[in-house]
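Reading the structure
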Number of protein chains: 4
Amino acid sequence: MSIRVGIVGISGFGGGEALRLVASHPSFELVYAAGEGSAGSRLVDRFPGAPARLADLVIRKWDPAALPKLDLLFTSLPTGSSAEALARVSGDVKIVDIGGDHRYAEGWAYGLADVWPDRIEGQRRVANPGCFPAATLTALAPLLAGGLIEPGNIVVDAKTGISGAGRGGGDSRFGYAESNENLLPYGLLRHVHMPEMATTIERLSGGSAAGLVFTPHLVPMTRGILATVYCRGRATTEQCLEAARRFYSGRAFVRVTDRPPQTKWATGSNLAFVSYAADPERALVIAMGVVDNLGKGAAGQAVQNANLICGLPETAGLEGAPVWP
Amino acid sequence: MSIRVGIVGISGFGGGEALRLVASHPSFELVYAAGEGSAGSRLVDRFPGAPARLADLVIRKWDPAALPKLDLLFTSLPTGSSAEALARVSGDVKIVDIGGDHRYAEGWAYGLADVWPDRIEGQRRVANPGCFPAATLTALAPLLAGGLIEPGNIVVDAKTGISGAGRGGGDSRFGYAESNENLLPYGLLRHVHMPEMATTIERLSGGSAAGLVFTPHLVPMTRGILATVYCRGRATTEQCLEAARRFYSGRAFVRVTDRPPQTKWATGSNLAFVSYAADPERALVIAMGVVDNLGKGAAGQAVQNANLICGLPETAGLEGAPVWP
Amino acid sequence: MSIRVGIVGISGFGGGEALRLVASHPSFELVYAAGEGSAGSRLVDRFPGAPARLADLVIRKWDPAALPKLDLLFTSLPTGSSAEALARVSGDVKIVDIGGDHRYAEGWAYGLADVWPDRIEGQRRVANPGCFPAATLTALAPLLAGGLIEPGNIVVDAKTGISGAGRGGGDSRFGYAESNENLLPYGLLRHVHMPEMATTIERLSGGSAAGLVFTPHLVPMTRGILATVYCRGRATTEQCLEAARRFYSGRAFVRVTDRPPQTKWATGSNLAFVSYAADPERALVIAMGVVDNLGKGAAGQAVQNANLICGLPETAGLEGAPVWP
Amino acid sequence: MSIRVGIVGISGFGGGEALRLVASHPSFELVYAAGEGSAGSRLVDRFPGAPARLADLVIRKWDPAALPKLDLLFTSLPTGSSAEALARVSGDVKIVDIGGDHRYAEGWAYGLADVWPDRIEGQRRVANPGCFPAATLTALAPLLAGGLIEPGNIVVDAKTGISGAGRGGGDSRFGYAESNENLLPYGLLRHVHMPEMATTIERLSGGSAAGLVFTPHLVPMTRGILATVYCRGRATTEQCLEAARRFYSGRAFVRVTDRPPQTKWATGSNLAFVSYAADPERALVIAMGVVDNLGKGAAGQAVQNANLICGLPETAGLEGAPVWP
C-alpha cells in the first residue's frame, strides 16, 4: 500500500532531489508538489526528465490550509520561512523538514539517521540535519562516542559545491562565469550551521561542552561536501578507523575507508564516506567526511528519515549507486 | 528468477556505468566482472560506492575461455580488440556489445532500441550504437521515416562531454587542466561513427543513399551529448515535432520537446530528448538530439537492449530520473 | 603623451575586460569609469586585483552630459540602451562601442579590425563586431574574398562560453549549478547577430546575397568561442589554408593553423585562430574560427580598433600571450 | 639592454607560465627553451599563441653542458631531478629554480620575494617557494613577525587547482572526467612542502619551533590556491589586518583585504591576497592567503625573484591585472 507524499519547495535544489528520490521509491506516491517560483507549471515543465506518470502534476502555491490527503510531507524552504506554516499542518501528516527551521526545535527529532536511528523511529516530525553537519557529524560521531577526541577543541574546515548555496533568485555571485575557477571561504565565525553541530557534539560526547570553529568554503562544482576536521586526541589512525567500523557496523549508508575520501564517490547517492588520519605524538586526529550535499546532506537523508518514521526498510528507494564519473 | 550477468571492460567508463545499472536492476545478478587495468582488485576498490553485496567481487582478467555460467554478457572494450574473443563465447550466452566492433556485423542486430525494438527482440547478439549515433539517429529517425528530410544532405555537428573520449591510459590531452575551459573539434571528415550513421540513415529512409557530414567536438563537461543536425526539407517545426511525437508514441525513453534540449536534462538516465526547428522557406530543418553519452549513448541503451533480448520489460532497471543539478 | 580614456559599462564582463586592457596599455590613461550596478564604488571594490594607481577611482553613473575631458570612450552597454546617449557625446571624443547598437549604423565604421583595418583608420565612431561574428567572419573572410565558397549557403554552428551571455541581473539560468555540465542550443533561427554577419558576408563576397543559418550554443566554460562553419565550395583544405595565410599575411592577431583550433589557445588574448577542412568531391568546406569572446570577441578587438583610430601601433597593449592552462 | 634568458622544463605548467611572462617582459629576451616531452618541437607547436617572434625557437633537450650564452635561467623540473644538473651550470648564469630541489639548500636564497626582498637582492641562486608555502607564508608572515600568533600551533588547510598537480605523464587520476566535480584531500601528514614552511615559520618568528599541520586538497579548477590557516593568538581581526597593512606597506604584490579572498581575484597575475578573521575570546586567528599557483605560486614569483637579482624594478613584466572572469 502506497504512502501519499507531498513535497514543498520543489523549485529549489533540495526539493528537486526529493522529487527524484520519491519518484523511484517503491512505497511512495507523489500526490502534491508546491513551489514558489514554479506554481502553476506542470512538473515536466520544470523537470523535463520527470517520470511520465508524474509529468502532468501541477505545481501548487504552498498553502498548509489547502493540502490534499497526505501521509507524509517533505518541506524544503528557506530558513526562517517555514515554522509558522508547518505548525498548521495536521498532526496526522508526518513531516520531514529539509529546511533549517526545526533543528533541535521542540517536538522535532534531529534526524541524524545513520547515527541515532532509534531517536527517529516512531516520530512524526523530523528535522533533517544541515548539509555541513551531515558530513561533519557523521565523521565525528564514532570519535566522540568513543571518547577519542576532545569535544572542546574542534576545527571544521568544510568545502561545498555550489548547489549548497541554494537556487535562490539568481544571485550573480553564484553565476557560472563568476563561480567557475573560483574558490572562497565565507561566513567566517558565524555560519548558521554552527549551533546544531555544537549541540550534537555535546550529545554525542555525553554532555561535555563543544568548542567549535567552522569555516565553510564554496568550491566550483555542483554537488558534494567534504569536511576536514582537526581534533585533539591520542588515538592512532587505525584506532579511529576501527572505532568507526564498529560504530557503523550493520549501517547501510556509511562507508569507512582507509583512503582519503573523494566527493565524487558519493554523487547522486545517500552514502557518506568517512576516514581518519592521526598523529598520536602530536595529539592530532584528522577526521574526514564526504557526502553529496543534496543526498545525505538533504533529500537522501530526508527519505532515510521518512523510511524510519514510516516503518519502512531504511534503505527503501535509496539503493542507487553513485553516478560516476 | 535472476539472470546471471557478466561485464567485461569494467575499468572503462562504459563498463562502470553498466555496473551501476546492473547493480540496481531487478532481474540481474552480477556474477562476473573483468577489466584490463583493474584485474585482481575487488569491486569496491575501484568503485567505493558499489553496493555492499558486490563489494568483494574480484575483478578478473578478461578470458572468454574462463567464464563462469552466465546468461548475459555486457562487453565494453576498445574498438578493434573484441571481435575474436567474443566469437569464442558460447552461443548460450546472450551478448550486448557496447564497444564498436560489431555494429552492422553479420549475426549482430544493431541495437537502436527506441527506433526498432522489434529488430532486437529475440536476438542473442546485439551491437549497441555508438554514443554520437544514439543522439543523432534518435533525432533523425522520425524525419527520415516520414520522408521529411533528404537523406543525401545531412550535416551533423555533435558535441560530447569528455567521458566520451574514454578513460584510456591517462592521455594528457584529456587532463583536467588541459581540458577545462577548452572546446575543440576533432576527427574532422573521418570519425569512426560515420559508417553506422550512414547505414542507419539509409535503412530509415528506405534505401536512399545517405550524404553525411559529421563533426564531433569535445566540450568541457563530463557527460552528455548534443547533436545539432542541419537537414534539407520543407516541413514546418510543428510538422517535425508532430512526426516525432507519433513515431515515439508509447515509447518510454524518448521525449519530444518544443524547447531546445539541454544535455543536463538526461544526466544519469537512459532518456533521449529530441526537438526541431524548421524554416520551410529556406528548406531547412534543424534536428536536435540529447543523450547522456554513458546512458542512452552506452550502458543505458545496452541494458535496454538486454531487456529486449531477455524478454523483460523494456524499462526494467532504467526508471531512475536524471540527476539534476 | 597619454590618451584620456573612459569606460562605460564597467560592471559587465566586456567593460571589465576593457578595464584590464586599458590599465596595461602604454598610451591609455583611465580617467572615467561608469557602471550601472557599481556606481559609487571604488574600482578596487569591484576589481580587487585592479592596479594600485586606479584603486580609488570612483565608478560613476553613466551620464553623457557629465563626462570629464576625454579623448576616447569605450562603451559596453546592453543592446538597445545606448544609441540615444551616445548621440549626445561630443564629436571630439572618439568612441568604440562594444555593445550592439551601432553595427552598420550610419556614421559608424564596422570594426572588423583584422579584415579591413583601412576602413577603420581615421574614423571617430567604431562599432565593434559581436562575439559570434568575430569568430565566424575571421574564419570566412579569406574564403569569401577568394571566391572559394558560396555566400548563399553557409551554416554556422557556434559555441560560446557563458560569459558571452553577459552578467545581467543574476539570471538563474546562468547559475553555476544550472549551467555546469550543461550544454544547449538557443536562439534558433533568430539570433541578434545574424544581420551583421549577413551584411559582412555580402560585402566580403562582392555583393552576392548571403544565405545564412546560425545556431549558437552555450557551453559550460567561462570564456571562448568556436564557430564551426559548413560551406559549399570546391577548394581543397590546403587551398583554404593558403588563402587564409595570404589574406592574413602581416596581420598580427590571426593565426592560421592546420590543426583544429581550441578555444583555450586564445584565452585572455586578442588572438584569433582559423583553420579549414575540405572535401572537394562533396563540395564541402568546413571553416573553423576560435576567439576569446571577451578578447577578440569584445574588449580586445575594441582596443585594437581604438589603436587604429588613435594612430597607435595596432598591437599596443595587446601583446600579452594567452593564459594557459 | 636585454637579459638573455633560458627556461628549462617548458613542457610543464610552471615552465609554460614562465614562457608567457618572459615573452612580455620588457628586459628579457628568450634565447633558450628546454623540455623533456617537447624537445625538437618549435615553440609554436606547443604554444599556439606564442608571440610570433618566438614561434620558431626550437625546444631543446635539457643539457647543462650545451647552453648558449645566458644571463638568467629559470628551471622548473620535477623535484629530485635537477640538483646535479644545476650544479654544473656556470656561476655566471643567474638561476631561479621554480622546482623543489633547492629550497633552503646551501648557497641558495629562499625566494619569498614579498616578505624578504633584501635576502634575495644580490644573490645568484634563488629557490622559489612551493605554491602552498607561497599562499600560506604570505598570509602568516605579518602575524609571525608581529608575534600575534603562536608558531607552535598552526593548522594549514590548503586547497589547490589541479594544475598544481603538474602535467606529468597523463596520470588518469587527473583526467577531466575523473577530476571534474571531485574534491579530495591528499598527502595527509606528509606533504613535501612541510619542511620549507616549518623552516620559514621559525625564521619569521625569531627562532621559535614551528608546530604545523598541513593538509592539501585538490579542487576541480585549473588554477588557484587558497590557504585557510587556523592559529592561536589573542589579536583582533582589525589588529591582524593592520599588522598586515604595515608589513606589506609599499610592497607591490600583496593586497590586504577585509573580505574573505577568492582565488579568481588572482588568476593570471603575481598578486597575493591576504585576510584575517579572529576571535580573541577563543584565542583564535584565521589567516587566509590566495595566490595563482602558477603565478605567485610559481612563475610569477620566479620572475619577481629574477627582477630582484638582476637589479630590475621588482614589478617589471608583472604588472598585468588578473584575468576575470
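Remember, predicted model here, so these are calculated numbers, not experimental data. (Residues numbered from 1 in each chain as written. Chains lettered and ligands numbered in written order. Predicted model: local features only at pLDDT ≥ 70, side-chain atom pairs only at ≥ 80, totals over all residues. Heavy atoms only, no water.)

Quick notes on the domain arrangement of chain A
Residue and element names in this part refer to chain A. Per the domain assignment, the segments of chain A are domain 1 (3–129 + 297–310) and domain 2 (131–293). A straight line from the C-alpha centre of domain 1 to that of domain 2 covers 25 Å. Contact residues are listed per partner, giving 22 residues for domain 1 and 25 residues for domain 2. Summing both partners gives a buried area of about 1,900 Å² for domain 1 against domain 2, and 53% of it is carried by carbon and sulfur. Note that Glu 17 and Arg 223 form a salt bridge whose closest N and O atoms lie 2.7 Å from each other. Taken together, the links from domain 1 to domain 2 amount to 11 residue pairs in polar contact (both at pLDDT 80 or more). (Domains from an automatic or database assignment. Contact = heavy atoms within 4.5 Å. Buried area = accessible area lost by both parts, 1.4 Å probe. Salt bridge = Lys/Arg side-chain N within 4 Å of Asp/Glu carboxyl O. Polar contact = N/O pair within 3.5 Å; in protein donor to acceptor, adjacent residues only side chain to side chain.)

Some points on the UniProt feature "active site" (unreviewed entry) in chain A
Residues and elements named next belong to chain A. Under the UniProt annotation, "active site" (unreviewed entry) lies at Cys 131. Here Cys 131 is to be found in helix α4 (residues 131–145). With residues up to four places along the chain from it excluded, the contact list for Cys 131 reads His 193, Ile 225, Val 291, Asn 293 and Gly 297. (UniProt positions renumbered as here; feature names shortened; annotations may be inferred. Helix = DSSP H or I, 4+ residues; strand = E, 2+ residues; numbered from the N terminus.)

What to know about the sheet that holds strand β7 (residues 154–160) of chain C
Residue and element names in this part refer to chain C. Taken in spatial order, the 7 strands line up as β8-β9-β7-β10-β13-β12-β11 in an open sheet, and their pairing is mixed. In the strand order of this sheet, the two ends are held by β8 (184–185) and β11 (254–256), each with one partner. Bridge analysis of β8 against strand β9 (residues 212–218) gives 2 bridges, and the strand direction is antiparallel. Opposite Leu 184, over in β9, you have Leu 218 as the bridge partner. The strands touched by helix α4 (residues 131–145) are β7, β9, β10 (225–232), β11, β12 (272–279) and β13 (284–291); relative to β13, the strand with the most contacts, the crossing angle is about 135°. (Pairing = 2+ DSSP bridges. Axes fitted to C-alpha atoms, helices over the stretch in contact; angles between N-to-C directions.)

What to know about the interface of chain D and chain B
Each side of the interface is counted separately: chain D has 18 residues, and chain B has 18 residues. Approximately 1,300 Å² of surface area, both sides summed, lies buried where chain D meets chain B, with 60% of it carried by carbon and sulfur atoms. Applying the counting rule to chain D against chain B returns 0 salt bridges. Across the contact surface, chain D and chain B share 8 residue pairs in polar contact (both at pLDDT 80 or more). In terms of residue count, helix α5 (residues 176–179) of chain D provides more of the side of chain D that touches chain B than any other element does, 4 residues in total. Counted by class, the side of chain D that touches chain B contains 7 nonpolar, 8 polar and 3 charged residues. (Nonpolar A, V, L, I, M, F, W, Y, C, P; charged D, E, K, R; others polar.)

Remarks on the relation of the copies chain D and chain B
Of the two same-sequence chains, chain D is brought onto chain B (RMSD 0.0 Å, axial shift 0.0 Å) by a rotation of 180°. Viewed as a symmetry operation, the transformation between the two copies matches a two-fold axis. Of all interface residues in chain D, 100% are interface residues in chain B too; the two copies therefore contact each other through one and the same surface. (Least-squares fit on C-alpha atoms with pLDDT ≥ 70 in both.)

Concerning the interface of chain A and chain D
At the junction of the two partners, chain A supplies 41 residues and chain D supplies 41 residues. Carbon and sulfur atoms make up 63% of the area that chain A and chain D hide from each other, which totals about 3,500 Å². Scanning the region where chain A abuts chain D turns up 2 salt bridges. For D:Asp157, the salt bridge identified is with A:Lys159, shortest N-O distance 3.0 Å. If you look at where chain A meets chain D, you find 28 residue pairs in polar contact (both at pLDDT 80 or more). For the side of chain A that touches chain D, the secondary-structure elements that each account for two or more residues are β7 (154–160), α5 (176–179), β8 (184–185), β9 (212–218), β10 (225–232), β12 (272–279) and β13 (284–291) of chain A. In terms of residue class, the side of chain A that touches chain D is made up of 24 nonpolar, 9 polar and 8 charged.

Quick look at the sheet that holds strand β6 (residues 125–127) of chain D
Backbone hydrogen bonds hold the strands of a sheet together, and the pairing may be parallel or antiparallel. Residues and elements named next belong to chain D. Read from one edge of the open sheet, 6 strands run β2-β1-β3-β4-β6-β5, paired in parallel fashion. The sheet is open, and its two edges are formed by β2 (28–34) and β5 (109–110), each paired on a single side. In terms of strand pairing, strand β1 (residues 3–8) meets strand β3 (residues 72–75) through 4 bridges, oriented parallel. By the bridge assignment, Ile 7 is partnered in β3 with Phe 74. Relative to the sheet, helix α1 (residues 13–23) contacts β1, β2 and β3, its axis offset from that of β1 by approximately 160°. Sheet contacts for helix α8 (residues 295–310): β1, β2, β3, β4 (94–97) and β6; angle to β4, the most-contacted strand, approximately 155°.

Quick word on the pattern of salt bridges
All names here are of chain A. Taken as a whole, this structure holds 61 salt bridges over all chains when the rule is applied. Salt-bridge contacts for Arg 245 lead to Glu 238; the nearest nitrogen and oxygen are separated by 3.0 Å. With a relative accessible area of 33%, Arg 245 lands in the partly exposed category. Beyond isolated ion pairs, a larger network of salt bridges with shared partners links Glu 17, Arg 20, Arg 223 and Asp 292. (Buried < 20%, exposed > 50% of the residue type's maximum accessible area, 1.4 Å probe, protein only.)

A word on the UniProt feature "domain: Semialdehyde dehydrogenase NAD-binding" (unreviewed entry) in chain A
When the UniProt feature table is mapped onto this chain numbering, "domain: Semialdehyde dehydrogenase NAD-binding" (unreviewed entry) sits at residues 4–123 of chain A. Here residues 4–123 of chain A runs as 17% helix and 18% strand, with 17 Å between its end C-alpha atoms.

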